[in-house]
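Structural features, examined
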Amino acid sequence: MKLSVTRELIISSLILLFLISNVAPVQGAEVKLFEVGQVNWGTSTTTAIQVYPGDRNTPLLVTVINLYKENNIYYTVNGIRGCLYLPQYFTDVNNSTNAYSSYSSTTGVKPGQAFTLIFWLNIAYEASPTTYTATLQIKYLINKTQMEEGTDQYCQVTMSLSSKSPTTPSFSVTASGQLLMGGRTETLNIQITNIRSYSLS
């Protein structure tokens, strides 16, 4: 009787071990090391500009917050290099589909602090006035016992284009030094200047 009970316990234990060993481990939520805090056109976080299809050499300012935490310890990062993978209709000023920017300081970016990356972009005239998404790759150095290269991180960046108002002028017209008398027809030499940053037809 004892042998039978013992054998059943051994078999039950083996079955339990088999079931435990075949249970897939639960994956923890991905920890964000950086977070995009703000995106705006311009070179200032407080004064944004409107950008339209066809604009060129336009600054896109991306503000990123350092959330780096490892084993419950927060770390300072520095030597930051950003690569922005651009969507259709966007290029950098050299007509590449990737734009680059960097940031570094004497003290680095402490936990909870933010740094900014400025990307200079060209926008195709064919682009629609809507919201676009780009992927930002972040390379950086992390200050542990010494500065070392961290694992690349990726964030999403959204950027919006405004619609041109019908009242927004695209040309300036000058006829300096010439006078058109009331009620008369005169021939004037007029100079028309395209004041936009893109070609018009």
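What you see is a predicted model; the values in this text were computed from it and never measured.

Remarks on the overall build of the protein chain
When helices and strands are counted, the protein chain shows one helix and 13 strands. For the protein chain, the share of sequence-separated contacts (at least 6 apart) that also reach a separation of at least 24 residues comes to 66%. Surface exposure of the protein chain reaches about 13400 Å², of which carbon and sulfur atoms provide 54%.

Regarding the packing of aromatic side chains
In the structure shown here, the tally under the stated rule is seven aromatic pairs. Between Tyr68 and Tyr140, the aromatic rings sit 5.8 Å apart at their centres with planes inclined by 65°, giving edge-to-face as the arrangement. You can see Tyr68 sitting in the loop between β2 (58-66) and β3 (69-70) and its partner Tyr140 sitting in strand β9 (residues 131-143), a full 72 residues away along the chain. Considered together, Tyr68 and Tyr140 belong to a single accessibility category, that of buried residues. Between the aromatic rings of Tyr89 and Tyr132, the centroid separation amounts to 6.5 Å while the plane-to-plane angle is 75°, which identifies the pairing as edge-to-face.

A closer look at the environment of Tyr85
Turning to its location among the elements, Tyr85 is positioned in strand β5 (residues 77-85). Counting along the chain gives 52 residues from Tyr85 to Gln137, while the straight-line C-alpha distance between them is 7.8 Å. Separated by 2.9 Å, the side chains of Tyr85 and Gln137 make a polar contact.

With respect to the sheet that holds strand β8 (residues 114-123)
An order of β1-β2-β8-β6 is seen for the four strands of this open sheet, with the pairing classed as antiparallel. Either end of the sheet is taken by a strand with one partner, and the two such strands are β1 (34-41) and β6 (90-92). Within the sheet, the average angular offset between the axes of one strand and its neighbour, ignoring direction, is 40°. Bridge count for β1 against β2 is seven bridges, and the pairing is antiparallel. The residue bridging Phe34 from the neighbouring strand is Asn66, located in β2.

Let's talk about the environment of Phe90
Within the secondary structure, Phe90 sits in strand β6. Judged by its relative accessible area of 2%, Phe90 falls in the buried class. Taking the C-alpha atoms as reference, Phe90 lies 8.4 Å from Ala127; in sequence the two are 37 residues apart. Non-local contacts of Phe90, meaning those with residues more than four positions away in its chain, are made with Trp41, Leu121, Asn122, Ile123, Tyr132, Met159 and Leu161.

Digging into the pairing of β9
With seven bridges connecting them, β5 and β9 associate as antiparallel partners. Paired with Arg81 across the two strands is Lys139, which belongs to β9. Alignment of β9 against strand β11 (residues 153-160), held across eight bridges, turns out to be antiparallel. Counted as the bridge partner of Gln137 is Tyr154 from β11. Note that β9 and strand β10 (residues 147-149) share three bridges and pair antiparallel. The partner of Asn143 across the bridge, within β10, is Met147. The antiparallel hairpin formed by β9 and β10 contains three residues in its connecting segment.

Details of the side chain of Asp55
Relative to the helices and strands, Asp55 is located in the loop between β1 and β2. Engagement of the side chain of Asp55 in a polar contact is seen with the backbone nitrogen of Tyr52, the distance being 2.9 Å.

Criteria and thresholds
Residues numbered from 1 in each chain as written. Predicted model: local features only at pLDDT ≥ 70, side-chain atom pairs only at ≥ 80, totals over all residues. Heavy atoms only, no water. Helix = DSSP H or I, 4+ residues; strand = E, 2+ residues; numbered from the N terminus. Contact = heavy atoms within 4.5 Å. Areas by Shrake-Rupley, 256 points an atom, 1.4 Å probe, with all protein chains shown as cover. Phe/Tyr/Trp six-rings, centres within 6.5 Å; stacked < 30°, edge-to-face > 60°. Buried < 20%, exposed > 50% of the residue type's maximum accessible area, 1.4 Å probe, protein only. Polar contact = N/O pair within 3.5 Å; in protein donor to acceptor, adjacent residues only side chain to side chain. Pairing = 2+ DSSP bridges. Axes fitted to C-alpha atoms, helices over the stretch in contact; angles between N-to-C directions.

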